[in-house]
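One-letter residues, chain by chain:
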Amino acid sequence: MPVQLCLLDWALADLFATVADSGTLTLADRYGLLAALLQESLTEEERMMVDRMLYAIWRGRITVVDELSVVQ
């Protein structure tokens, strides 16, 4: 039985804000991003947020870490 993913309406915007603020993309953030992409019903604005995060990673402004959370 396939697992059903359900993304909250505000989750991607919150993820974008958290990643932009911390400068890191954690393992939990990546799973949230995966859930958003697998939903296949992103708005144009949400697709632009994903593109901006990927571009920031490519430019080195966001660091990908293997930690679950950056909260100390």
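Details of the structure are given in the entry above.
The rules behind the values
- Residues numbered from 1 in each chain as written.
- Predicted model: local features only at pLDDT ≥ 70, side-chain atom pairs only at ≥ 80, totals over all residues.
- Heavy atoms only, no water.
- Helix = DSSP H or I, 4+ residues; strand = E, 2+ residues; numbered from the N terminus.
- Buried < 20%, exposed > 50% of the residue type's maximum accessible area, 1.4 Å probe, protein only.
- Contact = heavy atoms within 4.5 Å.
- Salt bridge = Lys/Arg side-chain N within 4 Å of Asp/Glu carboxyl O.
- Axes fitted to C-alpha atoms, helices over the stretch in contact; angles between N-to-C directions.
- Parallel < 35°, antiparallel > 145°, perpendicular 65-115°, else oblique.
- Left-handed = near helix turned anticlockwise from the far one by under 90°.
- Nonpolar A, V, L, I, M, F, W, Y, C, P; charged D, E, K, R; others polar.

Q: Before we go on, may I ask you to explain the environment of L27 in this structure?
A: Relative to the elements of secondary structure, L27 occurs in helix α2 (residues 27-39). Note on L27: relative accessible area 24%, which makes it partly exposed. Each C-alpha atom, one on L27 and one on E67, is 5.9 Å from the other, the two residues being 40 residues apart in sequence. Among residues more than four places away in sequence, those in contact with L27 are V65, D66, E67 and L68.

Q: What should I look at first to understand the pattern of salt bridges in this one?
A: For side chains of opposite charge, pairing can occur when their charged atoms come near one another. If you walk through the whole model with that rule in mind, you get 1 salt bridge. Between R30 and D66 there is a salt bridge whose closest N-O contact spans 3.4 Å. Of this pair, R30 sits in helix α2 while D66 is found in the segment after β2 (63-64), placing the two residues 36 residues apart along the sequence. Owing to a relative accessible area of 26%, R30 belongs among the partly exposed residues under this scheme.

Q: Got a minute to help me understand the packing of helix α1 (residues 11-22) against helix α3 (residues 44-59) in this structure?
A: At a minimum axis distance of 10 Å, the contact between α1 and α3 shows a crossing angle of 25 degrees. Considered as vectors, α1 and α3 are oriented roughly parallel to each other. Between α1 and α3 lies a crossing whose hand is left-handed. In contact with L12, A13, L15, F16 and V19 of α1, α3 contributes E46, M49, V50, R52 and M53. Of the residues assigned to the contact of α1 with α3, the class counts are 8 nonpolar, no polar and 2 charged.

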